[in-house]
Amino acid sequence: MTEVQDRRAAEAPADDFLRFPPDFLWGTATSAYQIEGAVAEDGRTPSIWDTFSHTPGKVNRGDTGDLAVDHYHRWREDVALMKDLGLSAYRFSVAWPRVQPTGRGPAVERGLDFYRALVDELLAAGITPLATLYHWDLPQHLETPSTGGSAAGGGWTVRETAERFGEYASLVAGALGDRVRHWTTLNEPWCSAFLGYGSGVHAPGRTDPGAALRAAHHLNLAHGRGVAALRAALPGTAELSVSLNLHQVRPLTDSPEDQEAVRRIDAVGNRIFLSPVLRGRYDTDLYQDTAHLVDWEQLVRPGDLAAIGAPIDQLGLNYYSPAVVSGSGASRDNCHGSSEHSPWPGSEHVAFHQPPGELTAMNWSIDPTGLRDLLDRIHLERPGLPVIITENGMACEDYVTPEGEVNDRDRIAFVHQHLTAVHRAIEAGVPVAGYFLWSLLDNFEWAYGYAKRFGMVHVDFPTQRRTPKDSAHWYGRACRTGAVPRSLS
Ligand code: IFM
């Protein structure tokens, strides 16, 4: 028995608990740019997020990831925190510009050494690592190459970036494949494509719907190239996935217009990734909705769809909040940042509405039924394919009390409700293999900077002092026991 299993046995709940499968992965998730800092150390070069965050007006209060929560230097302390809490898994991302500063060529060993050491520490602590290859920090060199790049910019709008991603995936697999079994290629490619190139609220901040669609295809292709690279480097051992932020889209009314709005958002929000990854095809209605914006025939080359549809072992699902849409009306899309440019190519006239439910500090409505619905949908579309909840969590207005505590009861209630939904799905036969709470630590929340706190561990940003919140203790107990109470007292 490992130390963690020992503690599980000792704390095994008596009754009135929802018990999860024994091999269920209980973890937290983070991403490199949001926590590491050390942006110019050991050969790392700027990513598109360094450039974007240093551009005046792009990020709240001008915050950047330069220091973030200094995880690059405090990783031992952070792993020790996870161990103390009894977590059994940890999802982190690898920073591409640490490994390949120009996005091409040989790896920088110092960059890889950081992740080797991190993974070794996790394994020694009995924590299963799950590595994400890409969580939005594209090397700036691939967005605007100093030589040979097109003036309009490259990045994910050009096919070349997908090919480079395949090479990068091989390098990381070669370095970490002996230690890491669980891999996810991309995190939320919808955000990379449509917030990065469509609405412009994320790096690189472009606002061209055609570019966003090209980016989506090239991200899909990158996933395919990544899967091929990981399979080649790690035959028979790796478990591969991609993490999608699927949108649970509901109509405002039963009217045909509102049903049509759901169809459109589902096409460009979900099926643009689900269909090629799970079925090796794009859907006809997506082509039709966006034909005026992109030449799909030229974009999708022979062999692309077969590469993208190569089998995966799990699907990563990131879920926060559902969406309510109508065919017309005034739009209020709280979830995707404010911009005069729509992140929904071909669906610009669709209006978003505030869904019912209490709100998080992001103004996102709380509704665990959206998670359950998405799990059921995936199960219906691909019965038997295990799903890992690779992100779920909430931002709260957290603060440390004079007693040195952070009493985040709302977060505990949120996680409890969502784990309950997951448990019900498992009971109904959906193979959910794990749950990763977003996030381990308060961190750089993209365009919101440090103003939003998602961590189960509070970080006092000026001192970098870590304080586990009440939710960390609650979640730690769930991880150690493999169970949550049926109801919260
Ligand atoms: O912080 C992000 C994360 O990087 C991607 N998924 C959503 C989280 C909360 O906004």
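Residues numbered from 1 in each chain as written. Predicted model: local features only at pLDDT ≥ 70, side-chain atom pairs only at ≥ 80, totals over all residues. Heavy atoms only, no water.

## Things to note about the pairing of strand S13 (residues 457–460)
Right, so step 1: Examined bridge by bridge, S13 and strand S14 (residues 465–468) share 4 bridges and lie antiparallel to one another. Its bridge partner being in S14, valine 457 is matched across the sheet by proline 468.
Right, so step 2: Hairpin remark: S13 followed by S14, antiparallel, with 4 residues in the connecting loop; positive phi at glutamine 464, about 65 degrees. (Pairing = 2+ DSSP bridges. Helix = DSSP H or I, 4+ residues; strand = E, 2+ residues; numbered from the N terminus.)

## Things to note about the side chain of asparagine 318
Right, so step 1: Looking at the secondary structure, you find asparagine 318 in strand S8 (residues 315–318).
Right, so step 2: Classification of asparagine 318 as buried rests on a relative accessible area of 1%.
Right, so step 3: One polar contact links asparagine 318 to glutamate 188, side chain to side chain, over a distance of 2.8 Å.
Right, so step 4: With near-sequence residues (within four places) excluded, asparagine 318 lies in contact with Arg91, Asn187, Glu188, Ser243, Leu244, Asn245, Leu246, Thr390 and Glu391. (Buried < 20%, exposed > 50% of the residue type's maximum accessible area, 1.4 Å probe, protein only. Polar contact = N/O pair within 3.5 Å; in protein donor to acceptor, adjacent residues only side chain to side chain. Contact = heavy atoms within 4.5 Å.)

## Examining the confidence of the model for the protein chain
Right, so step 1: The pLDDT averaged across the protein chain works out to 95; a share of 95% of its residues lies at or above 70.
Right, so step 2: Confidence drops under a pLDDT of 50 for residues 147–152, and excluding neighbours within four residues, the segment shows 1 contact in the predicted structure. (pLDDT = per-residue confidence, 0-100.)

## Describing the packing of aromatic side chains
Right, so step 1: Overall, the coordinates contain 35 aromatic pairs when judged by the stated rule.
Right, so step 2: Between the aromatic rings of tyrosine 33 and phenylalanine 444, the centroid separation amounts to 5.4 Å while the plane-to-plane angle is 90 degrees, which identifies the pairing as edge-to-face. In this pair, tyrosine 33 is assigned in helix H2 (residues 32–35) and phenylalanine 444 in the loop between strand S12 (432–438) and S13, connecting sequence segments 411 residues apart. For the pair shown, tyrosine 33 and phenylalanine 444 are each scored as buried.
Right, so step 3: Three or more aromatic residues joined by ring pairs form one cluster here, namely Tyr33, Trp49, Phe52, Trp136, Phe444, Trp446, Tyr450 and Phe461. (Phe/Tyr/Trp six-rings, centres within 6.5 Å; stacked < 30°, edge-to-face > 60°.)

## Some words on the pattern of salt bridges
Right, so step 1: A full pass over the atoms with the stated rule returns 38 salt bridges.
Right, so step 2: Two residues, arginine 377 and aspartate 266, come together in a salt bridge whose shortest N-O distance is 2.8 Å. With arginine 377 in helix H15 (residues 368–381) and aspartate 266 in helix H11 (residues 256–279), this residue pair connects regions lying 111 residues apart in the sequence. Both residues of the pair, arginine 377 and aspartate 266, count as buried.
Right, so step 3: Note that arginine 411 and aspartate 408 form a salt bridge whose closest N and O atoms lie 2.8 Å from each other. Side by side, arginine 411 and aspartate 408 carry an identical accessibility label, which is buried.
Right, so step 4: Here the salt bridges share partners, and the residues they tie into one network are Glu260, Arg263, Arg264, Asp266, Arg271, Arg279, Arg281, Asp283, Asp285, Asp289, Arg377 and Glu381. (Salt bridge = Lys/Arg side-chain N within 4 Å of Asp/Glu carboxyl O.)

## Some details on the sheet that holds strand S7 (residues 249–251)
Right, so step 1: Taken together, 3 strands build an open sheet; the order of strands is S7-S9-S10 and the sheet is mixed. Each edge of the open sheet is held by one strand with a lone partner, namely S7 and strand S10 (351–353). Pairs of neighbouring strands in the sheet enclose a mean axial angle of 40 degrees, with direction left out of account.
Right, so step 2: As defined by bridge partners, S7 adjoins strand S9 (residues 323–326) across 3 bridges and the pair is classed as parallel. Residue pairing for S9: proline 251 is matched across the bridge by valine 325.
Right, so step 3: Contacts between H11 and the sheet are confined to S7, S9 and S10, with S7 contributing the most and set at about 170 degrees to the helix. (Axes fitted to C-alpha atoms, helices over the stretch in contact; angles between N-to-C directions.)

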